[in-house]
Amino acid sequence: MTNNDIFKKLRVALMLRDDQIVEILELVDFRITKSELGAFFRDEKHENYMECGDQVLRNFLNGLVIHLRGTKENPKNPNDVLAKHKAQIPAKDGDSKRAEFKPKAKDEERARGDQAPGKSSTAKKPAKKQYPKGNSKTPVVEKVKYNFGKNKK
């Protein structure tokens, strides 16, 4: 796994934006621009792709420790920091947490509370396959009776 893969996975797992990563790197006095940072997240075939070096990843991890835990003099609760990041992410259109999104029951007849699900008057049972008694199919395997090592008396 390359440094770029690690960097990408950390960014997604922690739900960080580019400006937040720049701030985290500044905590350890490592300056980088958003465009330099964006080069790490590009496709490898892109002309502006750049490999993330060990120094960048090391400084990011050290800054991340300070960002999440704080310093010895001023400690933080990491869960509070992550919750703050989550709150800053805007809700997407199809997000189920939005107020106007209310899932509907798949089958309104089944969702009725006054009847049992199987007692619906309009529900149809699936038809069983009807095979004639004189089935012309030949059995693939002969019927064998196993005696499990016991001799007949």
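The preceding data block contains the structure.
Residues numbered from 1 in each chain as written. Predicted model: local features only at pLDDT ≥ 70, side-chain atom pairs only at ≥ 80, totals over all residues. Heavy atoms only, no water.

Asker: Which parts of the structure should I look at to understand the packing of aromatic side chains?
Answerer: For any pair of aromatic rings, geometry is given as the distance between the ring centres together with the angle between the planes. Following the criterion strictly, the structure yields three aromatic pairs and no others. Residues Phe7 and Phe41 carry aromatic rings whose centres are separated by 5.4 Å and whose planes lie at 15 degrees to one another, so their mutual orientation is stacked. Placement of Phe7 in helix H1 (residues 3-13) and of Phe41 in the loop between helix H3 (34-40) and helix H4 (54-69) is noted, with a sequence separation of 34 residues between them. Considered together, Phe7 and Phe41 belong to a single accessibility category, that of buried residues. A centroid spacing of 4.8 Å and a plane angle of 85 degrees characterise the contact between Phe7 and Phe60, whose relative ring orientation is edge-to-face. (Phe/Tyr/Trp six-rings, centres within 6.5 Å; stacked < 30°, edge-to-face > 60°. Helix = DSSP H or I, 4+ residues; strand = E, 2+ residues; numbered from the N terminus. Buried < 20%, exposed > 50% of the residue type's maximum accessible area, 1.4 Å probe, protein only.)

Asker: Teacher, can you tell me more about the nonpolar core here?
Answerer: A general trend in soluble globular proteins is that nonpolar side chains are found buried together. By size, the foremost hydrophobic cluster in this structure holds 19 residues, and its most contacted members are Phe7, Ile21, Leu37, Phe40 and Phe60. At the level of secondary structure, the elements contributing two or more residues to this core comprise helix H2 (18-26), H3 and H4. By residue number, the principal contributor to this core is H4, which donates five residues. Once you skip the residues sitting within four places of it in the chain, Ile21 turns out to touch Phe7, Arg11, Leu16, Leu37, Phe41 and Phe60. (Core = buried A, V, L, I, M, F, W, Y, C linked by side-chain atoms within 4.5 Å. Contact = heavy atoms within 4.5 Å.)

Asker: Which parts of the structure should I look at to understand a nonpolar patch on the surface?
Answerer: A surface patch of nonpolar side chains, about 420 Å² in accessible area, is lined by Val144, Tyr146 and Phe148. Position of Tyr146 among the secondary structure elements: in the segment after helix H5 (78-88). (Patch = residues over 30% accessible without salt bridge, like charges linked within 9 Å, V, L, I, M, F, W, Y side chains within 5 Å. Areas by Shrake-Rupley, 256 points an atom, 1.4 Å probe, with all protein chains shown as cover. Salt bridge = Lys/Arg side-chain N within 4 Å of Asp/Glu carboxyl O.)

Asker: Would you mind showing me how to read H2 here?
Answerer: Three or four residues apart is the spacing at which side chains of an α-helix point the same way, because the helix has 3.6 residues per turn. Among the residues making up H2, those that are buried are Gln20, Ile21, Val22, Ile24 and Leu25. On the buried face of H2, the contacting elements are H1, H3, H4 and H5.

So yeah, pure geometry; function would need other evidence.
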